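Each chain, letter by letter, is given below.
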Amino acid sequence: MRESEAYLSTPGDAGTVTATAPWIACDLVDVDTGDVRALVRVAVAGGVRERALDRDVLLNQTRIIGALAPLGANVSSTNAKDIVRYLTDCERRCAGSRPRARSVTHLGWAEGALSSFMPYDAGGGVRFDPSPDEAVKARPFMEPAGTLPDWVAGMAPVRAASPAFRCVMAASFASPLVSLLGVQTFIVYLWGRSRSGKTPTLKAAGSVWGDPTEGSDSYFRTFADTPKSIVRAAALFHDIPVIIDELQSKGAPGGQAAKRQIVEDLLYSLSLGHERGALNSDRSMMRAGSWRALTIATGEIPIVGESTQQGAANRTLELNAEPFSDVRAAQEMHHLVSAQHGTAGRAFVEALRRNPAEFYARQFAQVRDAVGSIACGHPQADNIALLAFADALAEFYVFAPGSDWQGCLDGALAMAVWALGNATGSEGGDTDLKAIQFVAEWLVGNRIHFDDYCENDHLERWGAIEDKTCATGYLWYVFSSVLDRALAGANYDRAKTLRRMEEEGLLVCDSGHRYTKQKRFRSAGRVYCVCIDNEALEAFLERAATGAGASVIASQGGEPC
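Bear in mind the structure is a predicted one, so any value in this text is a computation, not a measurement.

A. Summary view of the overall build of the protein chain. Along the protein chain, the regular secondary structure elements total 20 helices and 19 strands. Within the protein chain, the proportion of its 561 residues that are buried is 49%. Counting every atom, the protein chain has about 24,800 Å² of accessible surface; 50% of that belongs to carbon and sulfur.

Dropping the structure here:
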């Protein structure tokens, strides 16, 4: 064979097949599936080009044209059959001696959390070889632009001034933590009026990992894209967050309700972390992509409403806020991210590898407990805790390297308090909290039925009020039957309400009795009542209303390296 030419070796049929001879440089073993693909190289004018191909493409005379022709190879319907014969002969002769390399087809963690992160670590122990149609979608992440100090200088003032901006940025940094901590993926959806800076905020979140500017094959997606293309992009990004803009741009027959339903279905699919199952034309199971990334989306209308499926509502952290008050500042963010992007993600991932996974699990458990103590059963508490933990890590590793870890945790908790207070779409989710609020209002409104001499006023006695013996404050003793009747009349479940009150430390109980305490009455002897600590009840409702309670997250595992 002469250089850059391929010949058939079949006796009696020798001749030139193509002047741009393709060859298989090595076998690529997929880390996720174990499938073996081929790294095909072609010498063309200007140098050698390469592409990773499945063997059912490489050895198919119809499909090989579309695979090699875009590289500049001399392949057409005339010689495709001969090229396949040539490659088959090469396989027979060289397959046993060809080198092998491990490879992945997606971005993010290559072999689990804290391993190589694609494409930043491509070329090391694991190669990054996306399919030809996905390679163009990976371009925004291949090379950074600008410097990390310049990126931080532009982002830090906005992040400090706007809790909404800070939450969205935290969601971006939280995406690779999903796999690391083994938590559920979910959606962060920011909505508000037009020209409030939602789009530049979304681009700022995308600039952590790559180029977020618009384009046909860009990182930046909108709801005008087809759901299938967005889901396929999520499978490619894997651990890098999916960013989707402009809910109101999605048109649908049937008006606003139909529009919301289509988007709700899409967001629910993204929160599941995998594509829906489908069959190939030969009725074999199509390989479904998967991901462990968060989705960050924006729009002008809410997506979670009374008709939203509970599963979708639980997986959607919906924030109603305006990240920018100044239109000019929002426009400046557009210019900043086009010139500065891709540096923060590289620094963040590199810093994460300094500590073992167990360290992050312990620290996150402390953050989750602290957020849970002020969330009062908020259905999004765990999701907000993940954002708070990511915010603390981003502060420590990216925005203020070397700063005090406890200070980073305190700032993250303040952001969590804001998020708990501004999350929408789940107001009716915590029915236990509403039931406890009802009990408090019912007690105050009917206090006269608990006075010592209510019978003198010809009123029915419902219980009693008793001062604490060793502390300030007082206790409510409520007849169980009366409380049962009140809760049932307001459509609240007695067992769930009392269980929640016990968990929150609002009940005083006798030993061996879960919800009741014995009380002596002059006319009725000893009666088992539901005993409610008034001071504990007021403190609980204050925490629920203001988010106050745990002012610090006590770090007990040391600070990150």
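Let us keep going from here.
B. Representation of unusual backbone geometry in the model. Of note, the bond from Met118 into Pro119 is cis; its omega dihedral lies within 30 degrees of zero at 0 degrees. Of note, Pro119 is situated in the loop between β8 (117-118) and β9 (127-128). Even without being a glycine, Arg195 presents a positive backbone phi close to 65 degrees. For Arg195, the location among the structural elements is in the loop between β10 (187-191) and α8 (198-206).

C. Broad picture of the pairing of strand β13 (residues 295-299). Within β13, 5 of the 5 residues are buried, which leaves the element mostly enclosed by the surrounding structure. Of the two faces of β13, both are covered, the one formed by Thr295, Ala297 and Gly299 as well as the one formed by Ile296 and Thr298. Here 5 bridges tie β10 to β13, and the two strands are oriented parallel to one another. Within β13, the residue paired with Val188 across the bridge is Ile296.

D. Quick peek at the sheet that holds strand β3 (residues 22-30). Across the sheet, 5 strands lie side by side as β5-β4-β3-β6-β9; this open sheet has mixed pairing. The open sheet is flanked by β5 (47-53) and β9, the only strands paired with a single partner. Bridge count for strand β4 (residues 36-44) against β5 is 7 bridges, and the pairing is antiparallel. Across the sheet, Val40 pairs through a bridge with Arg51, a residue of β5.

E. Spatial organisation of the sheet that holds strand β15 (residues 423-424). Strand order in this open sheet of 6 strands is β11-β12-β13-β10-β14-β15, and the pairing throughout is mixed. Looking at which strands have only one partner, the edges of the open sheet turn out to be β11 (221-222) and β15. Of the pairings in the sheet, the one linking strand β12 (residues 242-245) to β13 comprises 3 bridges and is parallel in character. Considered in β13, the bridge of Ile244 is made with Ala297.

F. Summary view of helix α3 (residues 80-94). When the terminal C-alpha atoms of α3 are compared, their 21 Å separation across 15 residues agrees well with the 21 Å that a helix rising 1.5 Å per residue should span. Those residues of α3 lying buried are Ala80, Ile83, Val84, Tyr86, Leu87, Asp89 and Glu91.

G. Inspection of helix α14 (residues 357-375) at higher detail. Between the first and last C-alpha of α14 there are 26 Å, a value that for 19 residues agrees with the 27 Å anticipated at 1.5 Å per step. Backbone geometry just after α14 places Cys376 at a positive phi near 50 degrees.

H. Layout of the layout of surface pockets. The computed volume of the second largest pocket comes to approximately 540 Å³. Around the second largest pocket sit 19 residues that line it, and Glu50, Arg51, Phe128, Pro130 and Ala135 are the ones nearest its centre. Breaking the lining of the second largest pocket down by element, the ones donating at least two residues are β5, β9 and α4 (132-135). No other element matches β5, which puts 5 residues into the lining of the second largest pocket. Per-class residue counts for the lining of the second largest pocket are 12 nonpolar, 1 polar and 6 charged.

Cut-offs used in this document
- Residues numbered from 1 in each chain as written.
- Predicted model: local features only at pLDDT ≥ 70, side-chain atom pairs only at ≥ 80, totals over all residues.
- Heavy atoms only, no water.
- Helix = DSSP H or I, 4+ residues; strand = E, 2+ residues; numbered from the N terminus.
- Buried < 20%, exposed > 50% of the residue type's maximum accessible area, 1.4 Å probe, protein only.
- Areas by Shrake-Rupley, 256 points an atom, 1.4 Å probe, with all protein chains shown as cover.
- Pairing = 2+ DSSP bridges.
- Expected span 1.5 Å × (residues − 1).
- 1 Å grid on protein atoms, 1.4 Å probe; cavity = no way out; pocket = protein on both sides within 12 Å on 5 of 7 lines; lining within 4 Å.
- Points joined across faces, edges and corners; volume = space filled by probe spheres on them.
- Nonpolar A, V, L, I, M, F, W, Y, C, P; charged D, E, K, R; others polar.

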